[in-house]
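Structure at a glance
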Amino acid sequence: DSGRWYYAWQQVGSIWIASFDPARPARLTSKPKQIVVPEFAWDNMIAEGPNAIVHDGTIFLIYSGSLVGIDYTTGLVTAPAGQGADLTDASVWTKLDYPLQKSGMYNGRWQRRHRPRHVVAWRGRQPHLRVPQRRIRARPLWCARRQVRRVHWSKEGMPILDMQTAEELDPDYAG
């Protein structure tokens, strides 16, 4: 962002960030700073797997906000993009106080989320977020079926990750 490069990662249940020089990506150029701390019941004591999407002048840092299972959630912090903000300053980030995504009904079926692989894929200019679709029992371990889905945006500029198939065609979500 604004000519600075950043790593974001999970450490001790929180999200941390530091800048680095792309010519020497193995070396940090700032002290690591904690920017996301689990603080709500839905955070469930952990914040991990940060993924950044830049859209309309805002950095959306999406993260896994709870443990595996029926109470899985995805959290969000935002910061201004392209304005020279120091992203290692926790005060630059604004945390959403409710989950962006959680386990529940999706396309008429119960979806129990579990930790995503933390991958954002880009196809052209449209971001896609790899999001778990459902969990199935395999002997003796749990495994997941995953699918890449398009990230949609609300009129207010917020990402929508759990859009139902019928909503994909709704003109209110176009753009």
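Residues numbered from 1 in each chain as written. Predicted model: local features only at pLDDT ≥ 70, side-chain atom pairs only at ≥ 80, totals over all residues. Heavy atoms only, no water.

Re the confidence of the model for the protein
For the protein, the average pLDDT comes to 76, and 67% of its residues sit at 70 or higher. Long-range and interchain partners of residues 113-146, a stretch whose pLDDT sits below 50, account for 99 contacts in this model, where long-range means more than four residues apart. (pLDDT = per-residue confidence, 0-100. Contact = heavy atoms within 4.5 Å.)

Focus on the packing of aromatic side chains
The way to describe two aromatic rings as a pair is by their centre distance and the angle between their planes. Going through the model one piece at a time under the given rule, you end up with four aromatic pairs. For the ring pair F40 and W42, a centre distance of 5.8 Å and an interplane angle of 15 degrees mean the geometry is stacked. Given the relative accessible area of 30%, F40 is considered partly exposed. Classification of W42 as buried rests on a relative accessible area of 14%. A centroid spacing of 5.0 Å and a plane angle of 55 degrees characterise the contact between F60 and W153, whose relative ring orientation is tilted. In this pair, F60 is assigned in strand β6 (residues 58-64) and W153 in strand β15 (residues 152-153), connecting sequence segments 93 residues apart. What makes F60 buried here is its relative accessible area of 3%. (Phe/Tyr/Trp six-rings, centres within 6.5 Å; stacked < 30°, edge-to-face > 60°. Buried < 20%, exposed > 50% of the residue type's maximum accessible area, 1.4 Å probe, protein only. Helix = DSSP H or I, 4+ residues; strand = E, 2+ residues; numbered from the N terminus.)

Description of unusual backbone geometry
Non-glycine residue V12 carries a positive phi angle of around 55 degrees. Mapped onto the elements, V12 comes out in the loop between β1 (5-11) and β2 (14-21). Positive phi outside glycine occurs at D56, with the angle close to 50 degrees. Inspection of the secondary structure puts D56 in the loop between β5 (48-55) and β6. The exposure class assigned to D56 is exposed, which follows from its relative accessible area of 71%.

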